There are 2 protein chains.
Amino acid sequence: MQMDRAEGERKDFWQLTGPTKGKRPTLKDVAAHVGVHFSTVSRALDPATAHRITDEVRARIQAAVAELNYRHNVAAATLRTHSSKTIGIIVPDITNSLFGPIIKGIDSISSEHGYVALIGDTDNNPEKEEKLISTFLARGIEGLIVASALREDEVVSAVAHDGTPIVTVNSHVDDDSVSSVSYNVRPSIGALVKHLAELGHRRIAFISGPSSWSTAEERLAAYRYWIDRVKAVVSDDLIVYSNEYREEEGARCAEELLRSGVPFTAVMAANDLLAFGALNVLQRHGLECPRDVSVTGFNDIPMAERWSPPLTTVKVDPLRAGKAAAEILFADIKLAPEERQPKHVLLPASMVVRHSTAAPSSGQLRGAPTNG
Amino acid sequence: MQMDRAEGERKDFWQLTGPTKGKRPTLKDVAAHVGVHFSTVSRALDPATAHRITDEVRARIQAAVAELNYRHNVAAATLRTHSSKTIGIIVPDITNSLFGPIIKGIDSISSEHGYVALIGDTDNNPEKEEKLISTFLARGIEGLIVASALREDEVVSAVAHDGTPIVTVNSHVDDDSVSSVSYNVRPSIGALVKHLAELGHRRIAFISGPSSWSTAEERLAAYRYWIDRVKAVVSDDLIVYSNEYREEEGARCAEELLRSGVPFTAVMAANDLLAFGALNVLQRHGLECPRDVSVTGFNDIPMAERWSPPLTTVKVDPLRAGKAAAEILFADIKLAPEERQPKHVLLPASMVVRHSTAAPSSGQLRGAPTNG
DNA sequence: TTGAAAGCGCTAACAC
DNA sequence: GTGTTAGCGCTTTCAA
């Protein structure tokens, strides 16, 4: 079979004329081309041992590598050295604008360390998470960063106890032997509650996330803590639980709140998306924000600033969180298993006041409006 | 060294008592535990050959696998079979909300095929792209999806010609032997131009992307094509080039337009982000949108709908694009190299009219306002 | 400074 | 239905 297209000339050289036609050249091919033993080639190509090789030989090896288009076979090296130079990243939904920056942060640190990352999206499904982790482990990942962890995440705990470095980011598990990086929510939720209280709100509802999520649990706990301190109305009727951090769920919860008849003048949502959904429903019911109700979110995703009204929320730094998680991970990877200590970093989070919060209208409480 | 913590009991069993202390159990360990040859274990664990093993033996093997916490060593299998079950994904900026859905689409198809994906972010830097591709190749990826391709992307072309299945998504290279999935921009840009023309605009400026980007080139070409057909003013003075798809660049280009003094009543941006930046500058210069200028974008990212004014733009479906790209890729992976044919799919894109476009105010052209 | 050889854990061809 | 064997491409110890 003859090939006469110009692009065949250099790049796929080995496919046509290499010593072992049709397959990727190996160290042996390069060695044969240069006339040395393949272990010499291996040494010449490894920065740690390259100095042991004569300049002249090394130069010829480099030339042969270029000519044959040799590429390192990481699978073979992994088998030999037990080091895959890869980590795994697991996110609950890559479509959520919170996780792009987290991944970017991780990626930037990994590449500094010469590692690459496998990515997996769980779709908020714990079974997918388990499968993903198992596939990743079979692939020999040397560390794992999980952004989808539940508070009771047996798989995550198991991985940690099996000795694979792991760190949860954005979320964390109850088991505190698993390293985590998350946000210092207590003060930031406190700022929100105090802000609302100073504005004159006393009946502040809360749209929580599922109680199996650490972020939901801690934000709710912080709400409870501060509501009490600020002498606002403490009542379980003011709390409603969503099943996921999605606009639709925020809408559903707001409907539920409205239907229940509890009076409230403000609603704090555990997350921006939830706040958006709530805002829509509130407005649809004739409640204007912030005139009739104040609404707050959490995360400060890019859209928060553009919403109408622009959302008062809590700003976090997911890029930094990703970097922090990766730094912990690589520190652990470099340590002997016995030396590793779980670390828990709490990144700052700060309130940003925009236009979705204001004093309640004439101090009057909102009851359950008739539907529509 | 004694370990007395409760969680040591099951999950890290092999670390304490396994036949080969301190390391992951292998097929041999499982075999020894069951009393069969390790190749029997290999067969029992491979769905394709499991039926050849007696139910009873297979059951004992499963039990031992669970007990020892055996995990398949993909690196070893890869070395042996030359199939890594891994693909690579390369994006220009994972922080951009366009790429989350693309990755999710790819990921959903890959996992159906039992593949996992390596992720890489180039930061719009061609050198990083090259390094990433090279690392991925060394890892034995069986296919590659690139969302960061330049029109003249030698590395991408080289990969294609080397025989690794590759498909560009969102962007494409000029070399049409590289499969691609992108959007049918001609008609959608046409809709935008006609919409503007019908509104009465005759001087429509265009903020392009870098001409080395396929998306920029094709959107600009479509603009030129339709501007002419619609009998609007054709002039290179109306075209300005950004260096990247970023708000800041849109702002810079709008400033440039204003400073140049060319009259225009509408500006089409090659991308939503560019449009946002332009909108800001225009407003800062006292030009109200859509009263004084109309502005359009491209992509319809989530924020477009929330911008003020809500942006008239072109809607694309990145999730679908990701899936389409992955489908082409896996079809190719399953084919013998000689059988592979480059495919080019053009997904529909449709105009969505919102509030950033309207008739030009009293048909009067806008000149260069004094700065401020 | 370089060569020789062993072996990482697995699959698959072959034997029984 | 199961055991034996070779070898994927590499790193690394040991010799020379």
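For clarity, every value in this text was computed on a predicted model and none was experimentally measured.

About the criteria used
- Residues numbered from 1 in each chain as written.
- Chains lettered and ligands numbered in written order.
- Predicted model: local features only at pLDDT ≥ 70, side-chain atom pairs only at ≥ 80, totals over all residues.
- Heavy atoms only, no water.
- UniProt positions renumbered as here; feature names shortened; annotations may be inferred.
- Helix = DSSP H or I, 4+ residues; strand = E, 2+ residues; numbered from the N terminus.
- Pairing = 2+ DSSP bridges.
- Axes fitted to C-alpha atoms, helices over the stretch in contact; angles between N-to-C directions.
- Contact = heavy atoms within 4.5 Å.
- Patch = residues over 30% accessible without salt bridge, like charges linked within 9 Å, V, L, I, M, F, W, Y side chains within 5 Å.
- Areas by Shrake-Rupley, 256 points an atom, 1.4 Å probe, with all protein chains shown as cover.
- Salt bridge = Lys/Arg side-chain N within 4 Å of Asp/Glu carboxyl O.
- Lys, Arg positive; Asp, Glu negative; His and termini not counted.
- Charge placed at Lys NZ, Arg CZ, Asp CG, Glu CD.
- Buried < 20%, exposed > 50% of the residue type's maximum accessible area, 1.4 Å probe, protein only.
- Near = heavy atom within 4 Å.
- Polar contact = N/O pair within 3.5 Å; in protein donor to acceptor, adjacent residues only side chain to side chain.
- Nonpolar A, V, L, I, M, F, W, Y, C, P; charged D, E, K, R; others polar.
- pLDDT = per-residue confidence, 0-100.
- Buried area = accessible area lost by both parts, 1.4 Å probe.

### Details of the UniProt feature "domain: HTH lacI-type" (unreviewed entry) in chain A
Part 1 of the argument: Feature annotation in UniProt places "domain: HTH lacI-type" (unreviewed entry) on residues 25-81 of chain A, given in this structure's numbering.
Part 2 of the argument: Taken end to end, residues 25-81 of chain A is 67% helix and 0% strand, and its first and last C-alpha atoms sit 21 Å apart.

### Quick look at the sheet that holds strand β8 (residues 266-269) of chain A
Residues and elements named next belong to chain A.
Part 1 of the argument: An order of β7-β6-β8-β9 is seen for the 4 strands of this open sheet, with the pairing classed as parallel. Either end of the sheet is taken by a strand with one partner, and the two such strands are β7 (239-241) and β9 (294-296). Across the sheet, the mean angle separating the axes of adjacent strands is 15° when strand polarity is ignored.
Part 2 of the argument: The sheet contact formed by β8 and β9 spans 3 bridges and is parallel. Bridge pairing links M268 to T296 in β9.
Part 3 of the argument: Against the sheet, helix α10 (residues 214-229) touches β6 (204-208), β7 and β8, its axis set at about 165° to β6.
Part 4 of the argument: Where helix α12 (residues 272-284) meets the sheet, it contacts β6, β8 and β9, and its direction lies at approximately 160° from that of β9.

### Focus on a negative patch on the surface
Part 1 of the argument: A cluster of like negative charges, contributed by E127, E130, E152 and E154 of chain A, occupies part of the molecular surface.
Part 2 of the argument: Relative to the elements of secondary structure, E127 of chain A occurs in helix α7 (residues 126-138).

### Structural notes on the pattern of salt bridges
Part 1 of the argument: Per the counting criterion, the structure on display carries 34 salt bridges over all chains.
Part 2 of the argument: Between K104 of chain A and D123 of chain B there is a salt bridge whose closest N-O contact spans 2.9 Å. Residue K104 of chain A is located in helix α6 (residues 99-112), and its partner D123 of chain B is located in the loop between β2 (116-121) and α7 (126-138); the two belong to separate chains.
Part 3 of the argument: Looking at K104 of chain A, the relative accessible area reads 14%, which means it is buried.
Part 4 of the argument: D123 of chain B gets classed as partly exposed once you look at its relative accessible area, which sits at 39%.
Part 5 of the argument: Note that K315 of chain B and D300 of chain B form a salt bridge whose closest N and O atoms lie 3.0 Å from each other. One end of the pair, K315 of chain B, is in strand β10 (residues 313-315); the other, D300 of chain B, is in the loop between β9 (294-296) and β10, and 15 residues separate them in sequence.
Part 6 of the argument: With relative accessibility at 42%, the residue K315 of chain B sits in the partly exposed group.

### Some points on unusual backbone geometry
Part 1 of the argument: In this structure, P290 of chain A follows C289 of chain A across a cis peptide bond, with omega equal to 5°.
Part 2 of the argument: Put simply, S308 of chain B and P309 of chain B share a cis peptide bond, and its omega is -5°.
Part 3 of the argument: As for its position among the elements, P309 of chain B is in the loop between β9 and β10.
Part 4 of the argument: A positive phi angle, close to 60°, is found at N69 of chain B, a residue other than glycine.
Part 5 of the argument: Note on placement: N69 of chain B falls in the loop between α4 (55-68) and α5 (74-81).
Part 6 of the argument: Look at K85 of chain B: it is not a glycine, yet its phi comes out positive at around 55°.
Part 7 of the argument: Turning to its location among the elements, K85 of chain B is positioned in the loop between α5 and β1 (86-91).
Part 8 of the argument: Given the relative accessible area of 36%, K85 of chain B is considered partly exposed.

### Side note on the protein's contact with DNA strand D
Part 1 of the argument: Near DNA strand D you find 27 residues, and of these Y70 and R80 of chain A together with H37, T40 and R43 of chain B are the closest.
Part 2 of the argument: Each atom of DNA strand D within 4 Å of the protein was classed as base or backbone; sugar and phosphate made up 57%.
Part 3 of the argument: At 3.1 Å, a side-chain N or O of H72 of chain A approaches a phosphate oxygen of DNA strand D.
Part 4 of the argument: R80 of chain B has a polar side-chain atom sitting 3.1 Å from a base nitrogen of DNA strand D.
Part 5 of the argument: Looking at the surface near DNA strand D, the elements that each hand over two or more residues are α3 (38-45) and α5 (74-81) of chain A together with α3 (38-45) and α5 of chain B.
Part 6 of the argument: Split into classes, the residues belonging to the surface near DNA strand D amount to 10 nonpolar, 11 polar and 6 charged.

### Concerning the confidence of the model for chain A
Part 1 of the argument: Averaged over every residue, the pLDDT of chain A is 91; residues scoring 70 or more account for 91%.
Part 2 of the argument: Note that pLDDT drops below 50 for residues 363-372 of chain A; the model gives that stretch 19 contacts with residues more than four away or on any other chain.

### Focus on the interface of chain B and chain A
Part 1 of the argument: Facing the 51 residues of chain B at the interface are 52 residues of chain A.
Part 2 of the argument: Interface of chain B and chain A: buried area, both sides summed, is about 4,300 Å²; carbon and sulfur atoms make up 58% of it.
Part 3 of the argument: The largest share of the area that chain B buries against chain A comes from R139, D162 and R306 of chain B, three residues that together contribute 17% of it.
Part 4 of the argument: Where chain B meets chain A, there are 8 salt bridges.
Part 5 of the argument: Ionic pairing is found between R71 of chain B and D162 of chain A, a salt bridge with its closest N-O pair at 3.7 Å.
Part 6 of the argument: Between chain B and chain A we count 18 residue pairs in polar contact (both at pLDDT 80 or more) in total.
Part 7 of the argument: Of all the secondary structure elements, the ones that give two or more residues to the side of chain B that touches chain A are α1 (13-17), α5, α6 (99-112), β2, α7 and α8 (154-162) of chain B.
Part 8 of the argument: Per element, the largest residue contribution to the side of chain B that touches chain A is 6 residues, and it comes from β2 of chain B.
Part 9 of the argument: In terms of residue class, the side of chain B that touches chain A is built from 19 nonpolar, 17 polar and 15 charged.

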